[in-house]
Amino acid sequence: MFVAGGLKSLLPHVLRRIIRCNRLGISNTSGMAEGYKQANVVILHKSLADDFEKFCHANAGPLPLLYRSKPGDWKCPSLSSDSDIRTDCLQYRIYEHGACTGTLKSLKEYSEQLKDMVTFYLGCSFSFEKAVQNAGIPVRNVEQKCNVSMYKTAVPCYSISTFCCNLVVTMRPIPESKLEAATLATSELKEAHGAPIHMGDPGLLGIQDLSKPDYGDPVHLHPGDIPVFWACGVTGVEAVINCRAPLAFTHSPGCMFITDLKNDNITVRSSREVPQVHCISQDPLHYSIVSAEAAQKIKNLETLIGIDPGDRGIIHLHRQDELLKACLSMSHARSVLITTGFPTHFTYEPPEENDGPPGALAIAAILQALEKEVAIVTDQRAMNLNKKIIEEAVQLGILKRPVPLLSYQGESADSALMFLCENGNPGRPRFDHLVAIERAGMAADGNYYNARKVNIKHLVDPIDELFLAAQTIPGVTTTGVGDGGNELGMGKVKDAVKKHIKNGDVIACDVEADFTVVAGVSNWGGYAIACALYILSTCEIHDRYLRKAVGFPQISKKMGWLSALPSVTKEEKLLKTLVRHGVRSGKTASLEMEVDGLPFYNTHSVMIEKLL
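Analysis parameters
Residues numbered from 1 in each chain as written. Predicted model: local features only at pLDDT ≥ 70, side-chain atom pairs only at ≥ 80, totals over all residues. Heavy atoms only, no water. Disulfide = S-S within 2.5 Å. Helix = DSSP H or I, 4+ residues; strand = E, 2+ residues; numbered from the N terminus. Buried < 20%, exposed > 50% of the residue type's maximum accessible area, 1.4 Å probe, protein only. Polar contact = N/O pair within 3.5 Å; in protein donor to acceptor, adjacent residues only side chain to side chain. Contact = heavy atoms within 4.5 Å. Axes fitted to C-alpha atoms, helices over the stretch in contact; angles between N-to-C directions. Parallel < 35°, antiparallel > 145°, perpendicular 65-115°, else oblique. Left-handed = near helix turned anticlockwise from the far one by under 90°. Nonpolar A, V, L, I, M, F, W, Y, C, P; charged D, E, K, R; others polar. Domains from an automatic or database assignment. Buried area = accessible area lost by both parts, 1.4 Å probe. Salt bridge = Lys/Arg side-chain N within 4 Å of Asp/Glu carboxyl O. Pairing = 2+ DSSP bridges.

A.B. asks: Lay out the state of the cysteines in plain terms, naming residues and giving numbers.
C.D. replies: The full count for this structure, using the stated rule, is 0 disulfides. Here Cys232 is not cross-linked by a disulfide; its sulfur's nearest cysteine counterpart is in Cys124, at 7.1 Å. Summary of cysteine pairing: Cys539 is not part of a disulfide, and the nearest cysteine sulfur, belonging to Cys327, is at 13 Å.

Printed below as a string of structure tokens:
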């Protein structure tokens, strides 16, 4: 009887012979034949084979197809020289009409039925374990001498005919300092499921309890470990169950078919394609992935909008990578609430300035194009004005459709929670992300001030309460966009505002946002967010992570996203609309500002062509 200790260095053909003779005292193949590819196995009637192959191609993350046999063919010559699929897995499962009716050590007794069946060999994450170890990353299930943990998720796969199921994932605890290394080590091993599809709180995948895996064994996290999830080939087992075929076979989860193929066909990537990992939420803990190229473009945008035309000292408010993290968070959001409105012209009617609404609508337009829910909340006194602006923005082609317009009065202690969540339940938020752009922010004394220290509280509804309440709701993140430190969300940099901005000791906003985007003009911040969301949507690495490696890349929608981006023409039309409704300029810098000899607001020629 062989035991696990000496198996990791044995060659695959030797291991298959040992497995064939039932001489192994182990329950799974993790850690065996290090550096060689292992495979999940699904065996179906030939009448289902074409649809299942399409299902694999439609969900290539969990189901990377290594080989499809012909009916009745028990060998797989492109994967191994001397194999017999009837005997070369540690254990098999038999399924009849979707129910598992037993486990088997051999399928030889079903040889007659197998003559009309097709075998699919699908990539397995056991194949990347050696690459992970070579990167200096512990593989906890190997250390703990147990099978990997596998979980059913709430993420639906792309359905093909009778094949429909939710994604199954493996979980490996990874030290937080090694998250990027783990992503880098696996991202090019696409036949072994590639890069992770989620890092952080399992609840975001619909997994309630890590100690109770649906398949495999519980794997214990060490202090400082983060649960990291990869797409899993056991998704194919779930598809077999749901299609309710009269007869089907699979490997038992963890009992893989070991091939003769080495994991040495890794494509050499350019530095631009290297994945980066960024934390976008602490509650729940959530990390996102983006390519180095896309991240650098967004950093360039952050530098562009940081120009200080008023020489007010905003460079001291800047926090690196806030634009990137804010937009990563928004990219993951399902529903976004935007607020704007700074009544700096308090002696006029309307008192609003024209910095804020154009940027807010630019964000709303790209969110609409990305098929996210979006709404705007503003002051009750400004509802009619904003309604007219939104209607004309639709007529001008800036928005695809009207944006729902809301107001908030803060009439009771639980008003903010009731506004943000269904029935005030923090477990059911209506919005995943809140954005304030050039929105008057509450100072430490409870008042609202313009840059000249004039108290304008009588013109401002307490929308700050929504941002304060969001801090108590798991899964809701916030962004503040400003250019002077007295805007909602700028509380994150209030110490710098008090020290470096004129009148900062009085006007500094005291309410923090999770992310603070500082711009020379707040509208620029809105335009940069729109462009950054476009960059993320066209980033293949980020797109794959967003869709959890199921379905197809979304790049085919690129032209629709591009048409939603801000431009000089759109901004000129919108500014004329604002003027027509009596909205005045609050900034000295506008269309005349140039970058590389071109108007800054010409985002198509400057931001898009240069940076995208």
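A.B. asks: I'd like a description of the side chain of His251, backed by residues and values.
C.D. replies: Structurally, His251 is set in strand S11 (residues 248–251). What makes His251 buried here is its relative accessible area of 0%. Reaching out from His251, the side chain makes a polar contact with the side chain of Asn40 at a distance of 3.1 Å. Of the polar contacts made by the side chain of His251, one reaches the backbone nitrogen of Val41; its length is 3.1 Å. Residues contacting His251, with those up to four places away along its chain left out, are Asn40, Val41, Cys89, Gln91, Tyr92, Arg93, Val234, Val237 and Met256.

A.B. asks: Could you give me a rundown of the packing of helix H8 (residues 292–305) against helix H9 (residues 322–332), with the residues and numbers involved?
C.D. replies: For the pair H8 and H9, interaxial distance at closest approach is 8 Å and the crossing angle is 120°. Judged on the interaxial angle alone, H9 and H8 are oblique. Judged by the sense of rotation from one axis to the other, the crossing of H8 with H9 is right-handed. Here Ala295, Ile298, Leu301 and Glu302 of H8 lie close against H9, whose contacting residues are Glu322, Leu323 and Leu324. Taken together, the residues of the contact of H8 with H9 sort by class into 5 nonpolar, no polar and 2 charged.

A.B. asks: Can you tell me about the environment of Glu34, naming the residues and giving the values?
C.D. replies: Locating Glu34 in the fold gives a position in the loop between helix H1 (12–20) and strand S1 (36–45). Sequence separation between Glu34 and Phe128 is 94 residues, and the spatial gap between their C-alpha atoms is 8.8 Å. A distance of 3.3 Å separates the side chain of Glu34 from the side chain of Lys130, its partner in a polar contact.

A.B. asks: How would you summarise the domain arrangement of the protein chain if you had to cite specific residues and measurements?
C.D. replies: What the domain assignment reports for the protein chain is domain 1 (12–262) and domain 2 (280–586). Relative placement of domain 1 and domain 2: their C-alpha centres are 43 Å apart. Regarding the contact of domain 1 and domain 2, the summed buried area is about 1500 Å², with carbon and sulfur atoms giving 66% of it. When residues of domain 1 are sorted by the area they lose upon contact with domain 2, Ile197, Met199 and Leu204 head the list and together hold 31% of the total. The interface formed by domain 1 and domain 2 holds 0 salt bridges in total. Every element with two or more residues in the side of domain 1 that touches domain 2 is listed here: helix H2 (46–58), strand S6 (149–156), helix H6 (179–187) and strand S8 (198–200). The biggest single contributor to the side of domain 1 that touches domain 2 is S8, with 3 residues. Among the residues forming the side of domain 1 that touches domain 2, the class breakdown is 16 nonpolar, 8 polar and 2 charged.

A.B. asks: Any chance you could break down unusual backbone geometry for me, citing the residues and the numbers?
C.D. replies: For the bond running from Asp283 to Pro284, omega is 0°, close enough to zero to count as cis. When you line up the elements, Pro284 lands in the loop between strand S13 (275–282) and strand S14 (285–291). The phi dihedral of Ala33 is positive, around 45°, even though this residue is not glycine. Mapped onto the elements of the fold, Ala33 is located in the loop between H1 and S1. Residue class for Ala33 comes out buried when judged on its relative accessible area of 1%.

A.B. asks: Account for the sheet that holds strand S18 (residues 433–439), with residues named and values stated.
C.D. replies: As summarised here, the arrangement of the 6 strands in space is S17-S16-S15-S18-S19-S20, forming an open sheet in which the pairing is parallel. Of all the strands in the sheet, just strand S17 (405–407) and strand S20 (515–518) have a single pairing partner and so form its edges. Put simply, the sheet's adjacent strands are angled 25° from each other on average, direction ignored. In the packing of helix H11 (residues 383–395) onto the sheet, the strands contacted are strand S16 (373–378) and S17, and the crossing angle to S17 comes to about 165°.

A.B. asks: Tell me about the pairing of strand S3 (residues 92–96), residues and numbers included.
C.D. replies: Pairing of S3 with strand S4 (residues 99–104) involves 5 bridges; the strand directions are antiparallel. Following the sheet pairing, Tyr92 is matched in S4 by Leu104. Hairpin connection of S3 to S4: 2 residues between the antiparallel strands, including His97 at a positive phi of 55°. Of the strand pairs in this sheet, S3 and S11 are connected by 4 bridges, and their pairing is antiparallel. Its bridge partner lying in S11, Arg93 is registered against Thr250.

A.B. asks: Summarise the pattern of salt bridges; cite the residues concerned and give the values.
C.D. replies: Between side chains of opposite charge, a pair can form as their charged atoms come close. All chains considered together, the criterion is met by 28 salt bridges. When the shortest N-O distance is used, the salt bridge between Lys46 and Asp116 registers 3.5 Å. Of the two residues, Lys46 sits in helix H2 while Asp116 sits in the loop between helix H3 (111–114) and strand S5 (117–123), which places them 70 residues apart along the sequence. The residue Arg547 makes a salt bridge to Asp543 at a minimum N-O spacing of 2.9 Å.

A.B. asks: How would you summarise the environment of Gly582 if you had to cite specific residues and measurements?
C.D. replies: As for its placement among the helices and strands, Gly582 is situated in the loop between helix H19 (568–580) and strand S21 (594–595). You can call Gly582 partly exposed: its relative accessible area is 21%. Distance in space between the C-alpha atoms of Gly582 and Leu301 is 31 Å, their sequence separation being 281 residues.

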